[in-house]
Structures are given as C-alpha cells and as structure tokens.
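Fold and contact review
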Amino acid sequence: MSERQSFYFFDIDENILHLPTRIHLLNTVTGEERAMRQHEYEEIRSYLGVPGLWEDWADPPARAYREFADGKDRHGEEYFWRDIRRALDTANWRGPSWKIFKYAVLKGRPVSIITARQHSREVIREGIKMLVDAGHLPEEPNYISIYPVSNLDVRDELGPHLTTAGLKRMAIRKCVEAGLDKFGRNLPHSFGMSDDDLKNVDLITSAMLEAKLDYPEKRFFVISTNRRRHVKMEILPPHKDEEKLRAAEDAYYG
C-alpha cells in the first residue's frame, strides 16, 4: 500500500554540482574559438554582437553548447562524465543543493532531475552513478524521472515550440503527475525543488503555483539556495479573487 511521499526535484549545474563544463564562443571575423565557464558566460552573454569588446563574438548553439550534450572530447571521454570526474578532484564540487540532494537519497525519497542540459537520460544517470562509485552517495537516487529539457527527444515529449523556461515548467508538471501516478493521487504528498538562481526560483514558483491550483490538497515548496536569499517557501492557495481571474483567463484563452 502506498503512503504519503515527499518528492524532491533538482537541477544539476550550480545546484547539485559545480562542474567545469565550458561554453565555446566563436569570433565571427577571425574564426577563433574561446572557451569559458558558465558563470563567466552569463556575465558577458548580453554583450555578444553589441558594439564594444564582444561585438565580433557569437554563441552558435550547436557549437557553443557542445559540452552540454552527448559527445566525446578529443580523448574519447564523454563530456558529462569527464566533468564530473574532474570536479571530484577539486575541493568545491558540491553545489548549494548538494546537502538536500544527499538527504533525499539517504532517505530514499522520490527524486527527479530537471536540467537544461542536452544529454540523454542514460548519460545523466550514469554520471550520477559516478557519485555513488566514488563513495559520495550510498546508492543511486530513487528516480521518478529525468528531464534534460534541451535534449531533442525530450523537447519533443514536452513541446518543441516551448522556450527553455517553458520546457522546465512543463517538466516540473510532468514530474508531479508521474509522482501522483506512481504513489497515489489521494494521499497528501508534498513536492519541493531547490535552485540558487533567483530567475529559476521564480520559474519554479510559477510552476508549483500551477500545480497547487490543480492539487490544492497537496503541499508544494520552493527552496532558494542563493547566498543572498536562502529560504524555503511553501506555495499557498491563491485568494478567491485570484482564482476567479485564473478561471476567466482560462475561459478567454480556451
């Protein structure tokens, strides 16, 4: 017989793990390539193609994000597995959500991985298994689902027309539905997801609010692991006026 469950959803990069995966920029004039870490890229991406220091640089997706997809480096090693191996040789590989992730694994909680990476589910699962083999986890997570939302097959599942943010929101909803299907829809389950990026926290909050509106008897939590705002928030039912507004919007947009 099923019993009440606490479900945990996690992103990978800068959440569970700090990985040395690089983004490759292309100089559109000289053909030169320049690799940088994700946090460095986020600082300059809005300047690409804009008059100034980065005006000749671009980030063509197939080239720029190749290390975030299935593929092998020049030594024949899978990018994701290589970066986990390299990270584990450093002192700071644990991300801000690592403790929560490890707790969920230790307690056998149902876990979902939701990431913008393009890897296949199999490559991600084998990468997480490396943490078990290295002795950092006692066993593999009790997976409900794995959603690398930029993977082409996964995009087709979720909606190929959606943006990355839309894909993540849809994946969160799919994970909620998968958990309810497996463990019972009539039990008072709870669902939580953590992230250190405040933009992603807002996205998660929006997705959890949608789920709360559909399942008001369940509990939904958003955990911000950002250094400036480390909080756990429960999503509460909206005010009656907000429910009326949502109903009106649903009717208008069909």
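These remarks concern the structure in this document. All of these numbers come straight from a predicted model, not from anything done at the bench.

This part takes up the overall build of the chain. Of the regular secondary structure elements, the chain holds nine helices and nine strands. What you see for the chain is a C-alpha radius of gyration of 20 Å, in line with the 18 Å of a compact globule of 254 residues. Seen through its principal axes, the chain has C-alpha atoms that stretch 60 × 50 × 35 Å. Classification of the 254 residues of the chain by burial places 44% in the buried group. Expressed as a percentage of contacts within the chain between residues at least 6 apart in sequence, the contacts between residues at least 24 apart total 70%.

One number sums up the size of the largest pocket: a volume of about 1,300 Å³. Lining the largest pocket are 38 residues, with Gln-38, Glu-42, Arg-45, Asp-197 and Asn-200 positioned closest to its centre. Broken down by secondary-structure element, the contributors of at least two residues to the lining of the largest pocket are helix H1 (38–44), helix H2 (61–64), helix H7 (164–183), helix H8 (198–214) and strand E8 (219–226). In terms of residue count, the dominant contributor to the lining of the largest pocket is H1 (five residues). Roughly 160 Å³ of internal volume is contained in the second largest pocket. Lining the second largest pocket we find Arg-4, Ser-6, Phe-7, Tyr-8, Ile-100, Ser-190, Phe-191, Gly-192, Phe-221, Ile-223 and Lys-232.

Look at Glu-14: it is not a glycine, yet its phi comes out positive at around 60 degrees. Structurally, Glu-14 is set in the loop between strand E1 (6–10) and strand E2 (22–27). We classify Glu-14 as partly exposed; its relative accessible area is 24%.

Quick look at the side chain of Ser-145 now. Structurally, the position occupied by Ser-145 is in strand E6 (residues 142–148). Side chain to side chain, Ser-145 and Ser-112 meet in a polar contact 3.0 Å long. If sequence neighbours within four positions are ignored, Ser-145 has contacts with Val-111, Ser-112, Ile-113 and Cys-175.

A few words now on the pairing of strand E5 (residues 110–115). The two faces of the sheet receive side chains in turn, since in a regular strand these alternate between them. Among the six residues in E5, six count as buried, and that is most of the element. Residues Pro-110, Ser-112 and Ile-114 line one face of E5 and the alternating positions Val-111, Ile-113 and Thr-115 line the opposite face, and both faces are buried. Pairing between E1 and E5: three bridges, direction parallel. Paired with Phe-9 across the bridge in E5 is Ser-112. Looking at chain direction, E5 and E6 are connected through six bridges and run parallel. Within the sheet, the bridge partner assigned to Ser-112 lies in E6 and is Ser-145. Taken together, E5, helix H5 (residues 121–133) and E6 form a β-α-β motif whose crossover is right-handed.

Here we come to the sheet that holds E2. Spatial ordering of the open sheet is given by E3-E2-E4, a layout of three strands whose pairing is antiparallel. Each edge of the open sheet carries a strand with a single partner, namely strand E3 (33–37) and strand E4 (57–58). For E2 and E3, the ladder comprises five bridges, and the chain directions are antiparallel. Opposite Ile-23, over in E3, you have Met-36 as the bridge partner.

What counts, and at which threshold
- Residues numbered from 1 in each chain as written.
- Predicted model: local features only at pLDDT ≥ 70, side-chain atom pairs only at ≥ 80, totals over all residues.
- Heavy atoms only, no water.
- Helix = DSSP H or I, 4+ residues; strand = E, 2+ residues; numbered from the N terminus.
- Rg over C-alpha atoms; globule rule 2.2 N^0.38 Å.
- Buried < 20%, exposed > 50% of the residue type's maximum accessible area, 1.4 Å probe, protein only.
- Contact = heavy atoms within 4.5 Å.
- 1 Å grid on protein atoms, 1.4 Å probe; cavity = no way out; pocket = protein on both sides within 12 Å on 5 of 7 lines; lining within 4 Å.
- Points joined across faces, edges and corners; volume = space filled by probe spheres on them.
- Polar contact = N/O pair within 3.5 Å; in protein donor to acceptor, adjacent residues only side chain to side chain.
- Pairing = 2+ DSSP bridges.
- Right-handed = clockwise from strand over helix to strand, strands pointing away.

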